[in-house]
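Inside the fold
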Amino acid sequence: MLETKNKKELEEEIGIAVDCLKSSLGNALPAVTNSSSVKNDSGGISDSANSTGESAVSQVKSLACILKESRTDLIDHLYHQAREEKGCWGQLFAYDQTLYRQMQDGKITENEAVKQAVETYVDHRLNFPKA
């Protein structure tokens, strides 16, 4: 949910993100006029973004890196949990019975099967956003 008083700030941030996306696709990035200020971590406004939107582009890239790192960390955490708690395997392998059968038949190792099942779980069941 979004408070109505924060709507303008959100619209400005979305505008910056759209401009950055256009820039990354090769389109000319229009000059950022009123939305050149970027909110800093303490909630204040920082004028770190210049009129070409360079700071906003770096923020989008850092968001992509954060998403990628978060996904990797989540997979690692769930992998170790799944290795310790084999009782969850029924639910974990529910999305890929073929993988479970390959593990049972010795075609792939248990570690590899659990790792792949966790990745499938994160991507399809949890719908973790792609970077």
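As shown above, the structure is provided for reference.
The structure reproduced in this document is the subject of the present report. (Residues numbered from 1 in each chain as written. Predicted model: local features only at pLDDT ≥ 70, side-chain atom pairs only at ≥ 80, totals over all residues. Heavy atoms only, no water.)

1. Thoughts on the nonpolar core
Core analysis: the biggest nonpolar cluster contains 15 residues, and W89, L92, F93, V114 and V118 have the highest contact counts within it. Mapped onto this core, the elements with two or more residues apiece are α2 (54-84), α3 (89-92), α4 (97-104) and α5 (110-125). (Core = buried A, V, L, I, M, F, W, Y, C linked by side-chain atoms within 4.5 Å. Buried < 20%, exposed > 50% of the residue type's maximum accessible area, 1.4 Å probe, protein only. Helix = DSSP H or I, 4+ residues; strand = E, 2+ residues; numbered from the N terminus.)

2. What about unusual backbone geometry?
Positive phi, close to 50°, is recorded for N127, a residue that is not glycine. Checked against the element boundaries, N127 lands in the segment after α5.

3. Here's the deal with the packing of aromatic side chains
Geometrically, a pair of aromatic rings is defined through the distance of the ring centres and the angle of the planes. Scanning the entire structure with this criterion turns up three aromatic pairs. With 5.8 Å between their ring centres and 75° between their planes, W89 and F93 make a pair best called edge-to-face. Considered together, W89 and F93 belong to a single accessibility category, that of buried residues. For the ring pair F93 and Y100, a centre distance of 5.2 Å and an interplane angle of 55° mean the geometry is tilted. Look at Y100 and you get partly exposed, because its relative accessible area is 28%. Clustering of aromatic rings is evident, with ring pairs tying together W89, F93 and Y100. Geometry around Y79 places K115 over its ring, the cationic atom sitting 5.4 Å from the centre. (Phe/Tyr/Trp six-rings, centres within 6.5 Å; stacked < 30°, edge-to-face > 60°. Lys NZ or Arg CZ within 6 Å of the ring centre and 35° of its normal.)

4. Brief notes about the environment of K115
Mapped onto the fold, K115 is located in helix α5. On a C-alpha basis, the gap between K115 and R83 in space is 9.3 Å, while along the polypeptide they are 32 residues apart. If we ignore the near neighbours within four places in the chain, the residues touching K115 are I75, D76 and Y79. (Contact = heavy atoms within 4.5 Å.)

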